[in-house]
Amino acid sequence: QVQMVESGGGLVQAGGSLRLSCAASGIIFSINTMGWYRQAPGNQRELVAIITSRGSINYADSVKGRFTISRDNAKKMVYLQMNGLKPEDTAVYYCNCGGLTSGWSSFDSWGQGTQVTVSS
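Every chain begins its residue count from 1, and numbering advances along the sequence as written. In keeping with the model being predicted, local features are shown solely for residues with a pLDDT of at least 70 and side-chain atom pairs are shown and tallied solely at 80 or more, while totals for entire chains, interfaces and linings include all residues. With hydrogens and water stripped out, all remaining heavy atoms of the structure feed into the side-chain values.

What follows is about the overall build of the protein. Each helix is a run of H or I in the DSSP string that is no shorter than four residues. Each strand is a run of E no shorter than two, and both are numbered from the N terminus. For the protein, the count of helices and strands is zero helices and 11 strands. Seen in sequence order, the protein has helices and strands lined up from the N terminus as β-β-β-β-β-β-β-β-β-β-β. Against the globule reference of 14 Å for 120 residues, the protein gives a C-alpha radius of gyration of 14 Å, in line with a compact fold. Expressed as lengths along the three principal axes of its C-alpha atoms, the size of the protein is roughly 50 × 25 × 25 Å. Relative to its 120 residues, the protein shows a buried fraction of 42%. A separation threshold of at least 6 residues defines the contact pool for the protein, and within that pool the share at least 24 residues apart is 55%. In the form shown here, the protein has an accessible surface area of approximately 6,200 Å², with 48% of it arising from carbon and sulfur atoms. None of His or the chain ends enter the tally, which takes Lys and Arg as positive and Asp and Glu as negative. Lysine's charge is taken at NZ, arginine's at CZ, aspartate's at CG and glutamate's at CD. Taken together, the 10 basic and 7 acidic charged side chains of the protein have centroids lying 7 Å from each other. Values of the radius of gyration come from C-alpha atoms, whereas the globule rule sets the reference at 2.2 Å times the count of residues to the power 0.38. Only protein chains enter the area calculation, which uses a 1.4 Å probe; residues under 20% of their type maximum are buried, those over 50% are exposed, and those in between are partly exposed. We call two residues contacting when some pair of their heavy atoms lies within 4.5 Å. Method for areas: the Shrake-Rupley scheme with a 1.4 Å probe, in which residue coverage is limited to the protein chains shown.

See the structure below:
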């Protein structure tokens, strides 16, 4: 079983910054993709940013140039640096990762979510 634990959410004024962190733990053999998603009230969960084990990165158009995703493979962590925050960035942010357990089973795990609120 693989667990994901996020931290770093909070309340910030428009134009401010926050850094989200997420740690993966459990019987992990390898991690392929790590990413961040968000869900605002009344909306579907959407991709924010994703990074593969080779460092290939994709961002949602709405966050390009403002958010930066990174990962530390040794620590099994993924980060999301969010700059220039806007009220429309307000949502619950979830981290996600997929890979193989030490028993050679694939996994796709989600964190519990962390609230990000941007005031105008």
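Moving on to the state of the cysteines. A disulfide bridge is the covalent bond that connects two cysteines by way of their sulfur atoms. For the purposes of this analysis, a disulfide is any pair of cysteine sulfur atoms at a distance within 2.5 Å. In this structure the tally under the stated criterion is one disulfide. Note on cysteine connectivity: Cys 22 is disulfide-linked to Cys 95, with sulfurs 1.9 Å apart. In this pair, Cys 22 sits in strand β3 (residues 18-26) while Cys 95 sits in strand β9 (residues 91-101), placing the two residues 73 residues apart along the sequence. Cys 95 matches Cys 22 in its accessibility class, with the two residues each being buried. You can see Cys 97 has no disulfide; the closest cysteine sulfur is in Cys 22, sitting 7.1 Å from it.

Here is the rule: rings of Phe, Tyr and Trp (six-membered ring for Trp) pair when centre to centre is within 6.5 Å. Planes less than 30 degrees apart are stacked, more than 60 are edge-to-face, and the remainder are tilted. This model, assessed by the stated rule, comprises two aromatic pairs. Between Phe 29 and Trp 104 the ring centres are 4.7 Å apart and the planes differ by 40 degrees, which places this aromatic pair in the tilted class. Of this pair, Phe 29 sits in strand β4 (residues 28-39) while Trp 104 sits in the loop between β9 and β10 (106-110), placing them 75 residues apart in sequence. Judged by its relative accessible area of 59%, Trp 104 is exposed. Two limits define a charge over a ring: the Lys NZ or Arg CZ must be within 6 Å of the ring centre, and within 35 degrees of the ring normal. Against the face of Tyr 79 rests Arg 19, its NZ or CZ located 4.2 Å from the ring centre. The positively charged end of Arg 45 is found above the aromatic ring belonging to Tyr 94, 3.7 Å away from the centroid.

Our focus in this paragraph is the pattern of salt bridges. Whenever Lys or Arg places a side-chain nitrogen within 4 Å of a carboxyl oxygen from Asp or Glu, that contact is recorded as a salt bridge. Counted by the stated rule, this structure contains four salt bridges. Close ionic contact of Arg 66 with Asp 89 constitutes a salt bridge, the shortest N to O distance being 2.7 Å. Here Arg 66, found in the loop between β6 (57-59) and β7 (67-72), pairs with Asp 89, found in the loop between β8 (77-82) and β9; they are 23 residues apart in sequence, far enough to count as distant. A relative accessible area of 13% means that Arg 66 is categorised as buried.

The backbone of Lys 76 sits at a positive phi, close to 60 degrees, despite the residue not being glycine. Topologically, Lys 76 is positioned in the loop between β7 and β8.

Here the focus is the environment of Gln 1. You can see Gln 1 is positioned in the segment before β1 (2-7). Classification of Gln 1 as exposed rests on a relative accessible area of 70%. Along the sequence, Gln 1 and Ala 23 sit 22 residues apart, while their C-alpha atoms lie 14 Å from each other. Those residues in contact with Gln 1 that sit more than four places away from it in its chain are Ser 25, Gly 26 and Ile 27.

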